[in-house]
Amino acid sequence: MNTSPLTTDATSDLQRTIREMQRVFTLQRAHRPIVRNTDAAARRRKLQVLKEWMLAHRPDIRDALYRDFRKPALEVDATEIYAIKKEIEFAQRHLARWMRPKTVPTPLTMLGARSRVTYEPRGVSLIMAPWNYPFYLVVSPLVSAIAAGCPAMVKPSELTPHTAALVHRMLSELFPENEVAVFEGDADVAGALLGLGFDHIFFTGSPAVGKIVMKAAAQHLTSVTLELGGKSPAIVDETADVADAAEKLVWGKFLNNGQTCVAPDYLLVQRTVYQPLVEALKNTIRRYYAPGGEVADSPDYGRIVNARHHQRLTQLLRTAVEAGAEVVAGGQSSDGDCYLAPTLLTNVNDGMAVMQQEIFGPILPIIPYATREEAIAYVNNGDKPLALYIFSQDSAKADYVLEHTSSGGAGVNECVAHLNNPHLPFGGINQSGLGSAHGYYGFRAFSHEKAVLKQRVGFTVLKFLYPPYTGSVQRMMDWTMKWF
Ligand code: NAD
């Protein structure tokens, strides 16, 4: 077989990286017991240096994200830096309590014993991240791994190389490689990491790659947390405050240029408020992003991450329009800077690709419905979403929707914001994910809840059931069945 010099170089680079990751993996496994036995104070200190580095390098983080996809500085502050600062402070405040073994009741049949749940670090963990919040989605799970006492190998996304390089620099400066190490690279590097047999994998990304991760994890029976995506609907019912809903929806949808896992993917709008909502959405887009000119000139509106995704989105739009969809706002795009205007799309149907795949960009299809059963059936017909939003002034109606649909999380008269509450678990269900992140739930993701039962020496009620199974033992069993 002929191999071009380029292929040979790439192959030997990958081979070198694989050898390097095997070396670091062995080091982390050897160091695992030391990290495991650190106390809350030591873990809090590690989180503190992480926080201090991050706050001291705020301009560098903003710059990396601007270079990756022109993310506005305020959005970097709010969704990448502040979000991690809060995650760290929450963990620092509560860690000692999270780590403490929890005493649980012991049934009478175990008389004399005491029971507790202890939190054992899962061990050497792999954290794989996507590109859309490329700083936050690497560092936030790492905060949980550090809190739980796990060494970690981290793979940022290759699609945001400036942020990946910055994360690499930060973690190399702050931690020894036997505790935290970064491996940059694409799917080949990710594939090699997945072959290593980690104690836990925390993956954030698409459902398609989530399946690859779960399959690889199965080879080693590695536990997984899968933070995936999907089509998150927002339902606006006849009682909704249309102006309020429009303000929140436009923010949640076009933040990060629509590249948010919990962005409203499409709207289901009850017919009576359909036209007023469409008008309110159009006005709000103008007010937010084009107060005195064009959206394309707004410093507050980011860009699509790369040409491939830009082309994917413009094609979604073009094929929808060819099949009869109508662009009622936006639609303008330019290839050179991966710009796509905030776009509202009506007259869509299920046959269009835009209604079949997660949009993950600034296109918002709007679908009218007549009855709430119709809206609920529409949602339940698809995969279980990561988030579901309801805009309604009737709390009973909102609850009805919550009780008849399934989703990872939900927001009523709010969207995207539920992930800011560290007291809430964040995660999906089935196609949108497995397990939870954030706060205590993130700590739990990296911890094994070990059941410990301590009995006194020379004593156990169970001995009444020991063999040989004579008639009196059987009578004792029958009595136990009846009374305990
Ligand atoms: P992705 O699945 O393509 O990539 C995620 C990671 O997997 C990257 O590090 C990438 O290098 C790696 N990867 C890609 N192909 C691989 C392969 N064949 N084998 C092994 N690893 C591979 O996702 P993305 O495009 O970076 O991010 C977008 C997706 O992530 C969306 O579906 C979005 O909804 C989801 N997401 C979910 C959350 C959440 O918290 N639930 C947050 C952000 C994004």
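Scoring rules and cut-offs
Along every chain, residues carry numbers that run from 1 in the direction the sequence is written. Local features in a predicted model are, by the rule used here, given only for residues with pLDDT of at least 70; side-chain atom pairs are given and counted only at 80 or more, and totals for whole chains, interfaces and linings are based on all residues. The side-chain numbers reported here are obtained from all heavy atoms of the structure, hydrogens and water having been left aside. Note that domain bounds follow an automatic or database assignment of domains. We call two residues contacting when some pair of their heavy atoms lies within 4.5 Å. In this description, buried area is defined as the sum, over both parts, of the accessible area (probe of 1.4 Å) that is lost when the two are combined. Salt bridges are identified by distance alone: a Lys or Arg side-chain nitrogen within 4 Å of an Asp or Glu carboxyl oxygen. Secondary structure is summarised from DSSP: a helix means a run of H or I of at least four residues, a strand means a run of E of at least two, and numbering begins at the N terminus for each. Only Asp, Glu, Lys and Arg are considered charged in this grouping, and only Ala, Val, Leu, Ile, Met, Phe, Trp, Tyr, Cys and Pro are considered nonpolar; every other residue, Gly among them, is considered polar. All axes here are fitted lines through C-alpha atoms, helices being fitted over the stretch that makes contact, and every angle between N-to-C directions spans 0 to 180 degrees. By definition in this entry, angles of less than 35 degrees are roughly parallel, angles greater than 145 are roughly antiparallel, angles of 65 to 115 are roughly perpendicular, and the rest are oblique. By definition, any crossing whose near helix is turned counterclockwise from its far helix by less than a right angle is left-handed, and any crossing with a clockwise turn is right-handed. We call a residue near a molecule or strand as soon as one heavy atom of that residue lies within 4 Å of the molecule or strand. Pairs of N or O atoms within 3.5 Å make up the polar contacts considered here, provided that, within protein, one atom can donate a hydrogen while the other can accept it, and that residues adjacent in sequence are counted only when both atoms are side-chain atoms. Here the open area of atoms and residues is found with the Shrake-Rupley method and a 1.4 Å probe, where only the protein chains shown may cover a residue. Buried residues are those whose accessible area, probed at 1.4 Å on protein chains only, stays under 20% of the maximum for their type, while exposed residues exceed 50% and partly exposed ones sit between those limits. DSSP calls a pair of strands paired once it identifies at least 2 bridges connecting them. Exposure above 30% relative accessible area and the absence of a salt bridge qualify a residue for a patch, where like charges join within 9 Å and nonpolar side chains (Val, Leu, Ile, Met, Phe, Trp, Tyr) within 5 Å.

### A short note on the domain arrangement of the protein
Okay, step 1: Domain boundaries in the protein define domain 1 (8-228 + 437-448) and domain 2 (233-427).
Okay, step 2: Just the C-alpha atoms count here: the centres of domain 1 and domain 2 sit 30 Å apart.
Okay, step 3: Facing the 19 residues of domain 1 at the interface are 27 residues of domain 2.
Okay, step 4: Buried surface at the junction of domain 1 and domain 2, both sides included, amounts to about 2000 Å², of which 56% is carbon and sulfur.
Okay, step 5: If you sort the residues of domain 1 by the area they bury against domain 2, Arg70, Trp131 and His438 come out on top, with a joint share of 27%.
Okay, step 6: Applying the counting criterion to the domain 1 and domain 2 interface returns 0 salt bridges.
Okay, step 7: The leading source of residues in the side of domain 1 that touches domain 2 is helix α4 (residues 73-99), at 3 residues.
Okay, step 8: Taken together, the residues that form the side of domain 1 that touches domain 2 break down as 9 nonpolar, 5 polar and 5 charged.

### Brief notes about the packing of helix α9 (residues 242-254) against helix α10 (residues 271-289)
Okay, step 1: Close contact between α9 and α10 brings their axes to 8 Å; oriented N to C, the two are set at 55°. Considered as vectors, α9 and α10 are oriented oblique to each other. Judged by the sense of rotation from one axis to the other, the crossing of α9 with α10 is right-handed. For the pair formed by α9 and α10, the contact residues are Val242, Ala245, Ala246, Glu247, Leu249, Val250, Trp251 and Phe254 on the first element and Val273, Pro276, Leu277, Ala280, Leu281, Thr284, Ile285, Arg287, Tyr288 and Tyr289 on the second.
Okay, step 2: Split by residue class, the contact of α9 with α10 holds 15 nonpolar, 1 polar and 2 charged.

### Quick look at the site of the ligand
Okay, step 1: Neighbouring the ligand are 27 residues, the closest being Ala129, Glu158, Ser206, Leu228 and Glu358.
Okay, step 2: Separating an oxygen atom of the ligand from a side-chain N or O atom of Lys155 is a distance of 2.9 Å.
Okay, step 3: Contacts to the ligand include Ser206, whose side-chain N or O atom sits 2.6 Å from an oxygen atom.
Okay, step 4: The protein chains hide 88% of the 840 Å² of surface that the ligand would expose on its own.
Okay, step 5: When contributions to the shell around the ligand are tallied by element, the ones reaching two or more residues are α7 (187-194), β6 (200-204) and α8 (207-220).
Okay, step 6: The dominant element in the shell around the ligand, judged by the number of residues it contributes, is α8, at 3 residues.
Okay, step 7: Residue composition of the shell around the ligand, by class: 17 nonpolar, 6 polar and 4 charged.
Okay, step 8: Summarising the domain contributions, the shell around the ligand has at least three residues from each of domain 1 (8-228 + 437-448) and domain 2 (233-427).

### Observations concerning the pattern of salt bridges
Okay, step 1: Evaluated as defined, the whole model comprises 25 salt bridges.
Okay, step 2: One salt bridge in this structure joins Lys85 and Glu89, with 3.2 Å as the shortest N-O distance. With Lys85 and Glu89 both in helix α4 and 4 residues apart, this pair spans about one turn of that helix.
Okay, step 3: Given the relative accessible area of 23%, Lys85 is considered partly exposed.
Okay, step 4: The closest approach of N and O atoms between Arg372 and Glu373, which form a salt bridge, is 3.6 Å.
Okay, step 5: You can call Glu373 partly exposed: its relative accessible area is 42%.
Okay, step 6: Salt bridges here are not isolated pairs; linked through shared partners, they connect Lys51, Lys85, Lys86 and Glu89.

### Overview of the sheet that holds strand β9 (residues 266-270)
Strand pairing within a sheet occurs via backbone hydrogen bonds; the two strands may be parallel or antiparallel.
Okay, step 1: Sheet architecture is open: 7 strands sit in the order β10-β13-β14-β9-β8-β15-β16, paired in mixed fashion. Two strands in the sheet have a free side with no partner beyond their single neighbour: β10 (326-329) and β16 (409-412). Taken over all neighbouring pairs, the strand axes of this sheet differ in orientation by 25° on average, direction set aside.
Okay, step 2: Both strand β8 (residues 233-236) and strand β15 (residues 387-391) contribute to a ladder of 3 bridges, which runs parallel. If you follow Val236 over to β15, its bridge partner there is Phe391.
Okay, step 3: Contacting β8, β9, β13 (343-346), β14 (363-369) and β15, α9 runs over the sheet at an angle of about 160° to β15.

### Details of the sheet that holds strand β1 (residues 102-104)
Okay, step 1: One open sheet holds the 3 strands; their spatial order is β1-β2-β18, and the pairing between them is antiparallel. Where the open sheet ends on each side, the last strands, each with one partner, are β1 and β18 (447-454). Each adjacent strand pair in this sheet contributes to an overall mean axis angle of 30°, direction not counted.
Okay, step 2: Sheet topology note: the strand β2 (residues 114-121)/β18 ladder contains 8 bridges and is antiparallel. Directly across from Val117, in β18, lies its bridge partner Ala451.

### Describing a nonpolar patch on the surface
Okay, step 1: Taken together, Leu108, Leu111, Phe459, Trp479, Trp483 and Phe484 make up a surface patch of nonpolar side chains, about 670 Å² in accessible area.
Okay, step 2: With respect to the helices, strands and loops of the structure, Trp479 is situated in helix α15 (residues 471-483).
Okay, step 3: On the basis of relative accessibility, which here comes to 45%, the residue Trp479 falls in the partly exposed class.

### Section: unusual backbone geometry
Okay, step 1: In this chain, Pro467 is followed by Pro468 through a cis amide linkage whose omega measures 0°.
Okay, step 2: Inspection of the secondary structure puts Pro468 in the loop between β18 and α15.
Okay, step 3: Within the chain, Cys338 stands out as a residue other than glycine whose phi angle is a positive 55°.
Okay, step 4: By the secondary structure assignment, Cys338 is in the loop between β11 (333-334) and β12 (339-340).

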